[in-house]
Amino acid sequence: MDRSYQIITDATCDLPADLVEKFHLAVIPMPFMMDGKEYHNYPDNHEFPAPDFFNALRSGKWVTTSQITEAEFEEMFRPYLEAGQDILYIGFSSGLSGTWARACEAMEALRTQYPQRCIEGVDSLTATLGEGLLVYLACCKQQEESYTLHELKAWLELYRFCISGWFMVDDLNHLKRGGRVGSAAALVGTMLGIKPILQIDREGHLVVREKVRGRKQAMSNLLDKMESRLTQDTTLQTVFIVHGDCPADAKYLEKEVKSRCRPQKIFINQLDPVIGAHTGANALSIFYVAKNRE
């Protein structure tokens, strides 16, 4: 394993805490506000457990999110640079947040202060466990195949377009409030029995692709898409399922994925509060490596 550089990401990657620990990942917490109080989401959700958060959403609580600041990025990066390590940051999609722009500002400032160090970043152009899957694969490349920082950056910039992720949400009102979709699209979410199917596109935006009647049909839609798109490269057949406090549905998807596709590994985790604030409770998504992000 090449220990000369540290992989850093942000908490919107939604990686389970045990994987964060296993790979010695550095994860920057992201802020959100509820009832006038600021919280930060961490991989272990110790400030605000996920079930409590989604129950608050169900009760009508209003949540706002904000970006990681340039100063916070510098504060996170600096100790590794001081210790003589280079940095590879893998960040939340620039199509969904200004956080990537703040990271770039911080990296540029630190390159001037630490000219002897290599400070690089990759825009994942995805979010939640899509970002997490990219980070996970990067850690495997670093740990098991000893990729150098520049080799890994080049690999990430190519393979980020192979991370496929399709979402189902109960309605689009949370996405509308967060400015992620327009009022016309949100209207679909109020129609009886209609479940929007969304995708993170190649530019890293979350877009409505289809409208499906009924939750069971929507889950079948996600599974059908995966079955037709999953890569045949067994070294990359890791599947991540993420849910907004609906573990029974996530376990159902896991069972179906195992039956239909037989991937090498499957992980399940909760949506973090920053992403969950925009999707609402009961959202589901499957992320995997496909031939391309179509």
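Residues numbered from 1 in each chain as written. Predicted model: local features only at pLDDT ≥ 70, side-chain atom pairs only at ≥ 80, totals over all residues. Heavy atoms only, no water.

**Things to note about the sheet that holds strand 7 (residues 119-123)**
Stated formally: When DSSP finds at least two bridges between two strands, those strands are taken to pair. Here a strand is any run of E in DSSP of at least two residues, a helix any run of H or I of at least four, and the numbering for each starts at the N terminus. Lines fitted to the C-alpha atoms define the axes, with helices restricted to the stretch that makes contact. Angles between their N-to-C directions range from 0 to 180 degrees.
Taken in spatial order, the four strands of this open sheet run 2-1-6-7, and their pairing is parallel. The strands lining the two open edges of the sheet, one partner per strand, are strand 2 (26-28) and strand 7. Each adjacent strand pair in this sheet contributes to an overall mean axis angle of 25°, direction not counted. Pairing between strand 1 (residues 5-10) and strand 6 (residues 86-91): five bridges, direction parallel. What sits directly across from Ile-8, in strand 6, is Tyr-89.

**Concerning the pairing of strand 11 (residues 238-243)**
The condition that has to hold: Summary of the burial criterion: residues with accessible area below 20% of their type's maximum are buried, those above 50% are exposed, and those between are partly exposed, where the area comes from a 1.4 Å probe applied to protein chains only. Throughout, right-handed denotes a crossover for which the path from the first strand over the helix to the second runs clockwise when the strands point away from the viewer.
Most of strand 11 is tucked away: six of the six residues are buried. Of the two faces of strand 11, both are covered, the one formed by Thr-238, Phe-240 and Val-242 as well as the one formed by Val-239, Ile-241 and His-243. Of the strand pairs in this sheet, strand 11 and strand 12 (residues 265-270) are connected by six bridges, and their pairing is parallel. Of the residues in strand 12, the one forming a bridge with Ile-241 is Ile-268. Handedness of the strand 11-helix 10 (residues 247-261)-strand 12 crossover: right-handed. Direction of pairing for strand 11 relative to strand 13 (residues 284-289): antiparallel, over a ladder of four bridges. The residue of strand 13 that forms the bridge with Ile-241 is Ile-286.

**What about the packing of aromatic side chains?**
Filter applied, for reference: Planes of paired rings set the category: under 30 degrees apart is stacked, over 60 is edge-to-face and the rest tilted, where pairs are Phe, Tyr or Trp rings (Trp by its six-membered ring) whose centres lie within 6.5 Å.
Tallied over the full model, the rule gives 16 aromatic pairs. With 5.3 Å between their ring centres and 80° between their planes, Phe-53 and Phe-54 make a pair best called edge-to-face. Phe-54 carries the same exposure label as Phe-53, and that label is buried. An angle of 40° between the planes, with centres 5.7 Å apart, marks the rings of Phe-73 and Phe-77 as tilted. Of this pair, Phe-73 and Phe-77 both sit in helix 3 (residues 70-82), four residues apart, roughly one helical turn. Through pairs of rings, three or more aromatic residues link up here, namely Phe-32, Tyr-39, Phe-48, Phe-53 and Phe-54.

**Quick look at the pattern of salt bridges**
This is how it is decided: Basic side-chain nitrogens of Lys or Arg form a salt bridge, by our definition, when they fall within 4 Å of a carboxyl oxygen of Asp or Glu.
For the structure shown, the criterion picks out 17 salt bridges. For Asp-245, the salt bridge is made with Arg-58, and the minimal N-O distance between the two is 2.8 Å. Here Arg-58 lies in helix 2 (residues 50-58) and Asp-245 lies in the loop between strand 11 and helix 10, a separation of 187 residues in the sequence. A relative accessible area of 15% places Asp-245 in the buried class. Taking relative accessible area as the criterion, Arg-58 reaches 39% and is therefore assigned partly exposed. Of the charged contacts, one joins Glu-108 and Arg-111 as a salt bridge, the two residues approaching to 3.1 Å between their closest N and O atoms. Highlighted residues: Glu-108 and Arg-111, both in helix 4 (residues 99-113), separated by three residues, approximately one helical turn. By relative accessible area, which is 47% here, Glu-108 ends up partly exposed. Each of Asp-170, Lys-195, Arg-215 and Asp-249 takes part in salt bridges that share partners, so that together they form one network.

**As for the state of the cysteines**
Covalent bonding between the sulfur atoms of two cysteines is what defines a disulfide. What counts is decided by this rule: Two cysteine sulfur atoms make up a disulfide if the distance between them is within 2.5 Å.
The full count for this structure, using the stated rule, is zero disulfides. Cys-139 supplies the cysteine sulfur nearest to Cys-140, a cysteine that is in no disulfide, at a spacing of 7.1 Å.

**Re helix 3**
Note the following rule: One fewer than the residue count of a helix, multiplied by 1.5 Å, yields its expected span. Note on bend: at a given residue it equals the angle between the axes fitted to the 7 residues ending there and to the 7 starting there. The contact criterion used is simple: two residues touch if any of their non-hydrogen atoms lie within 4.5 Å.
An ideal rise of 1.5 Å per residue puts 18 Å on 13 residues; helix 3 measures up with 18 Å between its terminal C-alpha atoms. If you look at helix 3, its biggest bend is around 25°, right at Met-76, and the proline Pro-79 turns up within four residues after that. Residues Phe-73, Glu-74, Phe-77 and Leu-81 constitute the buried set of helix 3. Where helix 3 is buried, its residues touch strand 1, strand 2, strand 6, helix 4 and strand 7. The positive-phi residue at the C-terminal boundary of helix 3 is Gly-84, with phi of around 90°.

Interpretation note: all reported values are geometric properties and have no functional meaning in isolation.
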